[in-house]
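Commentary on secondary and tertiary structure
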Amino acid sequence: MTDAPAPIRIDGTPLPLACLAAALTGPVRVELSETARGALRRGRTALDAAAAAGQPIYGMTTGVGAMKHQCHEGTAMAAFNHSLGLAHEVAVGAPVAPGIVRLALVTRLNTVATGRVGVSEAFADCLAGMLDHDILPRMTRHGSVGCGDLGQLGQLATAMTGVGTVIHRGREMPAAEAFATAGLAPHEMRPREGLAAVASNSFGLASATSAVFTAQARIAQALAQAPVTALAWGVDRAVWQAAEASLIPGEAAVAQWLSDATAAQMLWPARDGVQDALSARFLVQVLAPCVKVANEAIDLLQISSAQVDDNPTVLPDGRIVTSGGSHHATLALRLGTVQAALAMLGRNLFNHCLMLTNGQLPGLPVNLVPEGVVATGYGPLMKLAMEQSARIATAAAPVAPHALTLAAGLEDEALLLPLTAERLAEQAEALGWLLTLTALLSVQAIALRNLPVTGLAARMTTLVRRHVPPFTGDIPLSRRLADLHATLATEAPQAWLPGAELLPFRPGATVENSQDRHKEKNGFKKLDQPTSRPATPHPFQQET
């Protein structure tokens, strides 16, 4: 966690990427803009007016799910809104990381700030107060099908009303106690707000954002390490010159990066064959799609931070309608492409480890054991490499939409976005270990070749040798690998890669220095406008 809370301005438009990253890594301080407050007031007024005119409103004057035909009014309406959070607090399993919970609250606050959800300013202020004091609902992993994170957000709803459990200052405690400590009052749910508290996808979006950010960091690490592995192998660099003429998006840029990153390395291992194995020749074709799909997923996640996925929703003209916007199908499919890309990258890295240790490359002995040394060497590392590669491959299976039997069979579509995010996070974790092994084996191979190193190879050698000495005999490696893993995950990619050509956003950027690429390109306040209509200002987003 950082010491000073990161400032985040909430106005109902897509949040800067660095703000999303800041919420994942430490406390934040949020500011509801006057534009957002005006939108909240207008949205709530429209909702109340529709209810007063006798319009049945799902989850406000009616029940939900299979009980949507039940009508509520008067005191029954208030009781129903309070009990809705209690009914949906059903998530189970391991606790969710604080950063994901925090980001879920940030994105939820940002979507209600559009005014299209119909909640009160007090509802938004409660979320803002929880964020400012880092009072985080205790969320657990299992309980969402990805079209409304009902189980986890039930835990949010009970926390908001003071009857749930939260994590505050690193300690689990009753929400009422944390509120009292912070000088806050629990929120009393108004009609419609019980459903608004439990029925969005903010938990799934936060989980997906965390997983994609981690995946992109591992892809950046793979890019940074690739030139070093190429030197250890003795790859024919001419294949990159061929790829620089590629018409496939991203391939020329990655090929140029590899060529530039190794240009200063004048001494290169001798070759004894016409061509390398496919995993060496196709390095560009493996890395380029990884970069592309990760960037695309991050772009979509940023847009989704302002996507109103509530049912019902308040239209710009004040009408209250049933919403079909809660199905994040494009995002789910995009995450599936990232899963496939990481599986391809994991296989490629495993093959590099195998080739470095199997004694088939000229100048490299079996298991990278120096001549004359009696030792087993790095052969056993391949067991760990194989296991991590298998983890990446098995977690790549897409989570296809499932038919449901909930709500008398009416809820028949599901994306299971949180489960997809969970699998992607597992892939990214395993990929980090494969990269750790690749770094160690590459540095040892370079040492055996007695090559003077410059640039990236010299930097990598310094990092690896900080934790693992040159091989002179077998030593225990578990703790050394863990320390090297932590170092590589934090020090290598950010410092070694070029500017914004390959990865325009990196999670390590500060909130103050973040660049909102898509705000400049697309005009976020017009995203909800159909392309066939003239763009007009959203009435809930006008300044008051």
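Focus on the overall build of the chain
In terms of helices and strands, the chain carries 19 helices and nine strands. When the 544 residues of the chain are sorted by exposure, 53% land in the buried category. Once local pairs closer than 6 in sequence are excluded, the contacts in the chain between residues at least 24 apart make up 77%. Put simply, the chain shows about 22600 Å² of open surface, and 57% of that area lies on carbon and sulfur atoms.

Section: the sheet that holds strand S7 (residues 171-174)
A sheet is described by the order of its strands in space; here three strands give the open sequence S4-S6-S7, paired in antiparallel fashion. In this open sheet, the two edge strands, each paired with only one partner strand, are strand S4 (135-137) and S7. Between one strand axis and the next, the sheet turns by 40° as a mean value, whatever way the strands run.

So, the packing of helix H4 (residues 98-112) against helix H9 (residues 202-233)
Between H4 and H9, whose axes approach to 8 Å, the crossing angle comes to 125°. Taken together, the axis directions place H4 and H9 in an arrangement best described as oblique. When the axes of H4 and H9 are compared, the crossing they make is right-handed. Here Ile-100, Leu-103, Ala-104, Thr-107 and Arg-108 of H4 come into contact with H9, specifically with Ser-202, Phe-203, Ala-206, Ser-207, Thr-209 and Ser-210. Of the residues contributing to the contact of H4 with H9, the split by class is five nonpolar, five polar and one charged.

A short note on the packing of aromatic side chains
On inspection of all chains with the given rule, the structure shows one aromatic pair. Summarising the aromatic geometry, the rings of Tyr-378 and Phe-471 are spaced 5.3 Å apart at their centres and angled 70° between planes, so their arrangement reads as edge-to-face. Taken together, the residues span a long stretch of sequence, with Tyr-378 in the loop between helix H14 (329-357) and helix H15 (381-394) and Phe-471 in the loop between helix H17 (455-465) and helix H18 (478-496) at a distance of 93 residues. A single burial state applies to Tyr-378 and to Phe-471, both of which are buried. Directly above the ring of Phe-282 sits Arg-281, whose terminal nitrogen or CZ lies 5.8 Å from the centroid.

Let's talk about the side chain of Ser-442
Residue position: Ser-442 is located in helix H16 (residues 417-448). Judged by relative accessible area, Ser-442 falls into the buried class, the value being 1%. Beyond its immediate chain neighbours, meaning those up to four positions away, Ser-442 contacts Val-228, Thr-229, Ala-232 and Leu-356.

What to know about the pattern of salt bridges
Within the structure shown, the criterion is met by 18 salt bridges. Between Arg-466 and Glu-491 there is a salt bridge, and its shortest N-O distance comes to 2.9 Å. With Arg-466 in the loop between H17 and H18 and Glu-491 in helix H18, the pair connects residues that are 25 residues apart, well separated along the chain. On the basis of relative accessible area, Arg-466 is assigned to the partly exposed category, the value being 46%.

So, H16
End to end, H16 covers 47 Å across 32 residues, agreeing with the expected 46 Å (1.5 Å per residue, within 8%). Phi turns positive, to about 55°, at Asn-450, one or two residues after H16.

A word on the confidence of the model for the chain
Model confidence for the chain is summarised by a mean pLDDT of 89, while 90% of its residues fall at 70 or above. The low-confidence segment residues 517-544, where pLDDT is below 50, has 52 contacts with residues more than four positions distant or belonging to other chains.

Focus: helix H1 (residues 17-25)
Burial runs high along H1: eight of the nine residues are buried. Listed in full, the buried residues belonging to H1 are Leu-17, Ala-18, Cys-19, Leu-20, Ala-21, Ala-22, Ala-23 and Leu-24. Where H1 is buried, its residues contact strand S1 (6-10), strand S2 (28-32), H4, H9 and helix H13 (283-304).

The rules behind the values
- Residues numbered from 1 in each chain as written.
- Predicted model: local features only at pLDDT ≥ 70, side-chain atom pairs only at ≥ 80, totals over all residues.
- Heavy atoms only, no water.
- Helix = DSSP H or I, 4+ residues; strand = E, 2+ residues; numbered from the N terminus.
- Buried < 20%, exposed > 50% of the residue type's maximum accessible area, 1.4 Å probe, protein only.
- Contact = heavy atoms within 4.5 Å.
- Areas by Shrake-Rupley, 256 points an atom, 1.4 Å probe, with all protein chains shown as cover.
- Pairing = 2+ DSSP bridges.
- Axes fitted to C-alpha atoms, helices over the stretch in contact; angles between N-to-C directions.
- Parallel < 35°, antiparallel > 145°, perpendicular 65-115°, else oblique.
- Left-handed = near helix turned anticlockwise from the far one by under 90°.
- Nonpolar A, V, L, I, M, F, W, Y, C, P; charged D, E, K, R; others polar.
- Phe/Tyr/Trp six-rings, centres within 6.5 Å; stacked < 30°, edge-to-face > 60°.
- Lys NZ or Arg CZ within 6 Å of the ring centre and 35° of its normal.
- Salt bridge = Lys/Arg side-chain N within 4 Å of Asp/Glu carboxyl O.
- Expected span 1.5 Å × (residues − 1).
- pLDDT = per-residue confidence, 0-100.

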